[in-house]
Amino acid sequence: MLTLTENASTAVRDLTTRAGLPDSGGLRIAESEQQLGSFELALVPEAAPGDEVIDAEGATVFVPESTSTLLADLTLDADPSATGSPGFTLTPQG
């Protein structure tokens, strides 16, 4: 299952709060249909049917079933020093 670093959890919480999402909202990570091997991130008000829901330190991330196997051994991290919006990266779990 995808894991989140403390930086990623903080960034997701901050983004969802600033976006005014309800408590059921979070960050959705899905495989891009336009660019093979890439992922699309979106702030959404709730999980879509069939989404895996990952709760990490109060941050909620949704991953479609079709993408969850691709992300299963990865960790989501964020660069807190990035200007504008945080830069998210996926790295192998270690």
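Residues numbered from 1 in each chain as written. Predicted model: local features only at pLDDT ≥ 70, side-chain atom pairs only at ≥ 80, totals over all residues. Heavy atoms only, no water.

### Looking at the sheet that holds strand 6 (residues 74–79)
So, step 1. In spatial order, the strands read 1-6-7; together these 3 strands make up an open sheet with mixed pairing. The open sheet has two edge strands with one neighbour each: strand 1 (3–4) and strand 7 (87–92).
So, step 2. The sheet contact formed by strand 1 and strand 6 spans 2 bridges and is parallel. Counterpart to T3 in the pairing with strand 6 is T75.
So, step 3. Taken strand by strand, helix 1 (residues 6–18) contacts strand 1, strand 6 and strand 7, and its axis lies near 65° from that of strand 6. (Pairing = 2+ DSSP bridges. Helix = DSSP H or I, 4+ residues; strand = E, 2+ residues; numbered from the N terminus. Contact = heavy atoms within 4.5 Å. Axes fitted to C-alpha atoms, helices over the stretch in contact; angles between N-to-C directions.)

### Focus: the environment of A48
So, step 1. You can see A48 is positioned in the loop between strand 3 (39–44) and strand 4 (52–56).
So, step 2. Using a relative accessible area of 28% as the deciding quantity, one classes A48 as partly exposed.
So, step 3. For the pair A48 and V63, spaced 15 residues apart in sequence, the C-alpha separation works out to 8.9 Å. (Buried < 20%, exposed > 50% of the residue type's maximum accessible area, 1.4 Å probe, protein only.)

### With respect to the sheet that holds strand 4
So, step 1. The 4 strands lie next to each other as 3-2-5-4, forming an open sheet whose pairing is mixed. The sheet is open, and its two borders are formed by strand 3 and strand 4, each paired with just one other strand. Geometrically, the sheet is characterised by an average inter-axis angle of 25° between neighbouring strands, direction not taken into account.
So, step 2. Two elements, strand 4 and strand 5 (residues 59–63), share 5 bridges in a ladder whose sense is antiparallel. Paired with A56 across the two strands is A59, which belongs to strand 5.
So, step 3. Running at roughly 90° to strand 5, helix 1 makes contact with strand 2 (26–31), strand 3, strand 4 and strand 5 of the sheet.

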